[in-house]
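# Fold and geometry: a report
One letter stands for each residue in the lines below.
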Amino acid sequence: DTEVTQTPKHLVMGMTNKKSLKCEQHMGHRAMYWYKQKAKKPPELMFVYSYEKLSINESVPSRFSPECPNSSLLNLHLHALQPEDSALYLCASSQDPGAKNIQYFGAGTRLSVL
Amino acid sequence: GEDVEQSLFLSVREGDSSVINCTYTDSSSTYLYWYKQEPGAGLQLLTYIFSNMDMKQDQRLTVLLNKKDKHLSLRIADTQTGDSAIYFCAESLNQAGTALIFGKGTTLSVSS
């Protein structure tokens, strides 16, 4: 089983709302990732969690706040977003963050900010 | 620096073979990957190859790696309309905790 589950699939929010994206995997992976993908573009890395600790933050604005409550769950808390933040948000996981970094992706949450 | 290049579009007829090419710049890459993304969906891992291999075959998919030229290709035999998607080449560098470096993606269009 190589399944990464993301909820919700679609999310529409206003610029003053607070919402959260959720990601779950039960493969025993110890590295989890958030990516942002705009239409017709490759995914852009946002955050990496390694053994439940934030290891990489790619200069993401503070209106995006990641959280890793345990080794199976990864959240992305959203607050005061801008319309340009509308995108597909992808979660991924890998067994560990080493060189054999085989990442498995979820189906994504399509976010629209009005 | 790190850079992965792909041609943007490929159009083939159903039943033909498709070859999607990719070049990368970092010689320390250890693993190279091919992902498929269908419209509105996430990324599906198709296959990967370790940098000390030249070729890997998996059913209709053949991956060729020319490490000297830093060139990677994905061949899809007997291409079907269901293969229409964006294909991303990605590399994983030889550093712990480094995420994937993606190419811009090749849009494969298969006509019947």
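Our subject in this report is the structure included herewith. If you're wondering where the values come from, they're calculated on a predicted model, not measured in any experiment.

A word on the overall build of chain A. Across its full length, chain A carries zero helices and eleven strands. The N-to-C order of helical and strand elements in chain A reads β-β-β-β-β-β-β-β-β-β-β. A compact globule built from 114 residues would reach a C-alpha radius of gyration of about 13 Å, and chain A, at 13 Å, matches this within 12%. Principal-axis analysis of the C-alpha atoms gives chain A an extent of 40 × 25 × 20 Å. Across the 114 residues in chain A, those meeting the buried criterion constitute 47%. With an accessible surface of roughly 5,600 Å², chain A has 49% of that area assigned to carbon and sulfur atoms. Treating the 13 positive side-chain charges of chain A as one cloud and the 10 negative ones as another, the clouds have centres 6 Å apart.

Moving on, we get to the side chain of Thr106 of chain B. All names here are of chain B. Within the secondary structure, Thr106 sits in strand β11 (residues 106-111). The class for Thr106 is buried, based on a relative accessible area of 1%. A distance of 2.5 Å separates the side chain of Thr106 from the backbone oxygen of Ser7, its partner in a polar contact. Excluding anything up to four places from it in sequence, Thr106 contacts Gln6, Ser7, Leu8, Phe9, Leu10, Ile20, Ala85, Ile86 and Tyr87.

This part covers the state of the cysteines. What the rule picks out here adds up to two disulfides over all chains. Disulfide pairing places Cys23 of chain A opposite Cys91 of chain A at an S-S distance of 1.9 Å. One disulfide, between Cys23 of chain A and Cys91 of chain A, carries an S-S torsion of -70° and so falls in the left-handed class. Placement of Cys23 of chain A in strand β3 (residues 18-25) and of Cys91 of chain A in strand β9 (residues 87-94) is noted, with a sequence separation of 68 residues between them. Accessibility expressed as a relative area gives 0% for Cys91 of chain A, which makes it buried. One disulfide in the model links Cys22 of chain B with Cys89 of chain B; its S-S distance is 2.0 Å. An S-S torsion of about -65° defines the bridge between Cys22 of chain B and Cys89 of chain B as left-handed. With Cys22 of chain B in strand β3 (residues 18-24) and Cys89 of chain B in strand β9 (residues 85-92), this residue pair connects regions lying 67 residues apart in the sequence. Each member of the pair Cys22 of chain B and Cys89 of chain B is classed as buried. Its sulfur unpaired, Cys68 of chain A is 9.3 Å from the next cysteine sulfur, which belongs to Cys23 of chain A.

The rules behind the values
Residues numbered from 1 in each chain as written. Chains lettered and ligands numbered in written order. Predicted model: local features only at pLDDT ≥ 70, side-chain atom pairs only at ≥ 80, totals over all residues. Heavy atoms only, no water. Helix = DSSP H or I, 4+ residues; strand = E, 2+ residues; numbered from the N terminus. Rg over C-alpha atoms; globule rule 2.2 N^0.38 Å. Buried < 20%, exposed > 50% of the residue type's maximum accessible area, 1.4 Å probe, protein only. Areas by Shrake-Rupley, 256 points an atom, 1.4 Å probe, with all protein chains shown as cover. Lys, Arg positive; Asp, Glu negative; His and termini not counted. Charge placed at Lys NZ, Arg CZ, Asp CG, Glu CD. Polar contact = N/O pair within 3.5 Å; in protein donor to acceptor, adjacent residues only side chain to side chain. Contact = heavy atoms within 4.5 Å. Disulfide = S-S within 2.5 Å.

Keep in mind these numbers describe shape, not what the thing actually does.
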